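Understanding the architecture of this molecule
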Amino acid sequence: MTTERNVDRRSFLRGAGAVAAGAVAAVGVAALVSSRAGATDQLIARRHEGDLPVDDPDNEAWLSLDHFVAPLLMQQVAPPQVSELAVPELWVRALHNGTDIAFHIEWGDAVVNDIEQMSRFRDAVAVQLPVADEPDAAAPQTSITMGLAPIPAAGGQPETPGQVVHILHWKASWQWDVDHGRRTVKDIFPNMHNDVTPEGLLGEANSVVFYPGVFAGNSLSARERTSPIEELTAAGFGSLTTHEQQLATGRGVNERGRWRVVIAMPMDSGDRSKARVRPGARAPVAFAVWDGAKQNRGARKQYADWVPMEVEA
Amino acid sequence: MAEVNNWQIGRTMEYPYPENRPRRQIAWIFDPNKCIGCQTCTIACKSTWTWGTGQEYMLWNNVESKPFGFFPVGWDVELMNAMGPAKWNGGRYEGETIFEGLPPTERVRGWLPDEEDWAFPNIGEDEVSAPVKQGDYFPDLPHGTWFYHLARICNHCTYPGCIAACPRQAIYKRPEDGIVLVDQERCRGYQECAQGCPYKKVMFNNNTRTTEKCIACFPKVEQGLQPQCVTSCIGRIRLAGFISPPGQVNPQNPIDYLVKVRKVALPMYPQAGTEPNVYYIPPIHAGREYLRQMFGPGVDDAITTYANTKNDPELLGVFTLFGSAERIMHRFRIDGEIAIGMDENGAEIVRVPVREPSWVRTYFDEVRQAYNHNIT
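For clarity, every value in this text was computed on a predicted model and none was experimentally measured. (Residues numbered from 1 in each chain as written. Chains lettered and ligands numbered in written order. Predicted model: local features only at pLDDT ≥ 70, side-chain atom pairs only at ≥ 80, totals over all residues.)

Some details on the overall build of chain B
So the rule is basically this: What counts as a helix is a DSSP run of H or I of at least four residues, what counts as a strand is a run of E of at least two, and both are numbered from the N terminus. Only C-alpha atoms enter the radius of gyration; for comparison, a globular chain is expected to reach 2.2 Å times N to the power 0.38, where N is the number of residues. For the purpose of contact definition, each residue receives a C-beta atom placed from its backbone, and two residues are in contact when these atoms lie within 7 Å.
Helix and strand counts for chain B come out as 10 helices and 19 strands. For chain B, the C-alpha radius of gyration of 21 Å lies close to 21 Å, the compact-globule estimate for 376 residues. In terms of overall dimensions, chain B has C-alpha extents of about 80 × 55 × 45 Å along its principal axes. Of the contacts formed within chain B by residues at least 6 apart in sequence, a portion of 61% connects residues at least 24 apart.

Here it is, written out as structure tokens:
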């Protein structure tokens, strides 16, 4: 990165700070209605007895918790980038019961974008954790850039191992799928008429070849959806890959112009390629958010740097 | 950014990936002079590949009337707005391509059409460039008022805008034939490719939520056959084959002959820098300034050559091979009044008379003492 770019990013940070401060003032009113608790300067995953309120973002167990304010940055490390800070901050709360950990993430978004269509994008939020035996919360060694790809041995230098991150990605469009059944073109264009469809002519099983994303097993194209959250891993930009084991659960609702999304996962899935979180330890977590109305998608996003999360014993 | 050679703009240019040409590059010649806008190609493509739900607004092949037809609406006007007037110095393009002079936020100079821009595939159909007043007629070329049909598919570019725009390398160019495909397993539906493609030939499927595009009928090409849009064309305006790499010319290859030897077929909007592989014979009746903008500085020479086809047996012979066989013709030769298309090994695929036999009757039939209305 050039010096010039660093200057640009520093000047942006000052601007983002001002925007964030303004937004904090603006959402103060909403805070009164959505939460009786206040803000905290440390993210603590509180221990909760029994099942976590995974499907209920309005549960008292959530709203009675203080929220941690995670300031967001525009993704301006690698193109494609955003040039407008669509979401200045996230409010984060966390609970665990020794078996599962759940994040409750809240942000202001007056326009619900839950349709994916040509030139239309959906709202989304993600939690990122490093995949490491002993993640260092105080000084995370994993790059914020969705991990790092390994660098092959060259010029007498040994191979530099890559860094892997575990990402839990909630999508507003998937939430619709779970709540109402998968969208069809009729939901997007009610007056659309289709004379004949492959499935109408050939049946569901035989028509799959006409739906290449389904045929290829792409998670985005899945016909049946039980969770609005996708589990992925990555080792650097452009390497995001759907994980074979999908265990994450959660739910998101948008009320009074704010998304409240719960994202939950097992603290130890038993799979070494995923992040593990231990009670009594600290873990770095990072966040990202997308505003569909601002054509946010993929790398065009806002992100929060690593937050040292304390997990109550 | 790597520096790559782009022969269509007569210079090297910046591109995110190093030059890596396929072993063979598929290419097409389209002749808008012959196109009647019947959309048989569009339906052939639609009914073969994009009749599923979620593909309702996809036309991998479309035919639009220029200058006021577009699919999606205004695609090339937006391209011109983004790039400005093309600055050519002879065969060398002096301006910036869509890969050069970029703001740090972008991988390609692109734009995303509005959702409704995909909903009017026949906008501007048969609309002429200017009003026609009563009594107007156009005896000379180019015509004072004109329109022409522009058939469009993915250009399977040598330096695709979609590949440059995709942040996760989910689009690839096949080394065996240069066909550009979206990896349906890797695609995350970001639509960066739709934003980056200057020709707007990558489209989002709202059912599978991945991006799809023209696949050049690769299952046919793998069998040595020309794509559906080519073989279905009733006006025989299309020819598909393989073009030799820059610096190499095979005058017996019909694609090379038309593009490189006779220079009668030209790339569309070469200034974008993608090195598109669909070549057009400029319509001789349309406004030259408009055509120079669309097909570059070779337009005038191409039209001069094309307009003299009737006195040019070899050129005429190659044109008669268009639409004459389903198999890909790698070579051709003209044997007197017969044009012969051949496969890779030189085996004959088809022979076509360069001039169809015709009989001209007299205007006045002396025997029957009657006038003939139809004399050919």
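Re the nonpolar core
Selection rule: Core membership is restricted to buried Ala, Val, Leu, Ile, Met, Phe, Trp, Tyr and Cys residues, and these are joined into a nonpolar core through C-beta atoms within 7 Å. Here a residue counts as buried when 20 or more other C-beta atoms fall within 10 Å of its C-beta, as exposed when 12 or fewer do, and as partly exposed in between; the C-beta atoms come from the backbone.
Counting residues in hydrophobic clusters, the biggest one holds 97 residues, and the most contacted among them are I29, C162, A265, Y279 and Y280 of chain B. When residues of this core are assigned to their parent elements, the largest contribution, 5 residues, is made by strand β3 (residues 25-30) of chain B. The residues contacting C162 of chain B, other than those within four sequence positions of it, are I171, V180, C193, G196, C197 and V202 of chain B. Judged by nonpolar contacts, the second largest core, of 62 residues, contains A94, V165, L232 and A248 of chain A.

Some remarks on helix α8 (residues 288-295) of chain B
In an α-helix there are 3.6 residues to a turn, and that puts residues three or four apart on one side. Residue and element names in this part refer to chain B. As a reminder of what qualifies: As used here, the arc is the angular range of directions from the helix axis to the C-beta atoms.
Turning to α8, its buried residues number three or more, namely L291, M294 and F295. Around the axis of α8, the buried residues are gathered within 75° of arc, so they sit on the same side. In the core, the buried residues of α8 are packed alongside β13 (266-267), β14 (278-280) and α9 (299-307). Looking one or two residues beyond α8, the residue adopting positive phi is G296, at roughly 85°.

Topic: the domain arrangement of chain B
A common way to report how large an interface is uses the accessible area buried once the components associate. All names here are of chain B. Note the cut-off: Domain delimitation follows an automatic or database domain assignment. When residues are sorted by character, Ala, Val, Leu, Ile, Met, Phe, Trp, Tyr, Cys and Pro go into the nonpolar class, Asp, Glu, Lys and Arg into the charged class, and all the rest, Gly among them, into the polar class.
For chain B, the assigned domains are domain 1 (2-233 + 261-301) and domain 2 (309-376). Inter-centroid distance (C-alpha atoms) of domain 1 to domain 2 is 31 Å. Listed per partner, the contact involves 6 residues of domain 1 and 6 residues of domain 2. Among the residues making up the side of domain 1 that touches domain 2, the classes are represented as 2 nonpolar, 3 polar and 1 charged.

A look at the environment of P284 of chain A
Residues and elements named next belong to chain A. With respect to the helices and strands, the residue P284 is situated in strand β13 (residues 282-290). Judged by the 24 C-beta atoms lying within 10 Å of it, P284 is buried. With 146 residues separating them in the primary sequence, P284 and A138 have C-alpha atoms 7.7 Å apart. For P284, the residues in contact, after removing those within four places along its chain, are P130, P135, A137, P140, W306, V307 and P308.

Some details on the sheet that holds β14 of chain B
Residues and elements named next belong to chain B. Using the following cut-off: Two strands form a pair only when DSSP identifies at least two bridges running between them.
The strand order across the open sheet formed by 4 strands is β12-β3-β14-β13, and the pairing between neighbours is mixed. Of all the strands in the sheet, just β12 (238-243) and β13 have a single pairing partner and so form its edges. Summarising the sheet, β3 and β12 pair through 6 bridges and their orientation is antiparallel. Note that in β12 the partner of I26 across the bridge is F242.

Here we look at the interface of chain A and chain B
The interface of chain A with chain B comprises 34 residues on the first partner and 35 residues on the second. Take the side of chain A that touches chain B: its biggest share by element is 3 residues, from helix α6 (residues 212-215) of chain A. Looking at side-chain class alone, the side of chain A that touches chain B contains 16 nonpolar, 14 polar and 4 charged residues.

Points about the environment of D114 of chain A
All names here are of chain A. Summarising the element assignment, D114 is placed in the loop between β6 (100-108) and β7 (124-130). Placed 63 residues apart in sequence, D114 and D177 show a C-alpha to C-alpha distance of 9.5 Å. Those residues in contact with D114 that lie beyond four places of it in its chain are R122, D123, A172, S173, Q175 and W176.

Quick look at the sheet that holds strand β16 (residues 338-342) of chain B
Residue and element names in this part refer to chain B. Note the cut-off: For helices, the axis comes from a line fit to the C-alpha atoms of the stretch in contact; other axes are also lines fit to C-alpha atoms, and the angle between any two N-to-C directions lies between 0 and 180 degrees.
Pairing in this open sheet of 3 strands is antiparallel, and the strands run β15-β16-β17 from one edge to the other. The open sheet has two edge strands, β15 (331-335) and β17 (348-353), and neither has a second partner. The average angle at which neighbouring strand axes cross in this sheet is 20°, direction not considered. Relative to β16, β15 is paired through 5 bridges, and the arrangement is antiparallel.

Comments concerning the pairing of β17 of chain B
Residue and element names in this part refer to chain B. Here β16 runs beside β17; their pairing, made up of 5 bridges, is antiparallel. Residue pairing for β17: I338 is matched across the bridge by P353. Hairpin connection, β16 to β17: the antiparallel pair is bridged by 5 residues, and G346 has positive phi, about 85°.

A closer look at the pairing of strand β2 (residues 44-47) of chain A
All names here are of chain A. Note: β2 against strand β14 (residues 302-311), 2 bridges, orientation parallel. Bridge pairing in β14 places A45 opposite V311. Bridge count for β2 against strand β5 (residues 89-96) is 3 bridges, and the pairing is parallel. When the sheet's bridge partners are listed, A45 is paired in β5 with A94.

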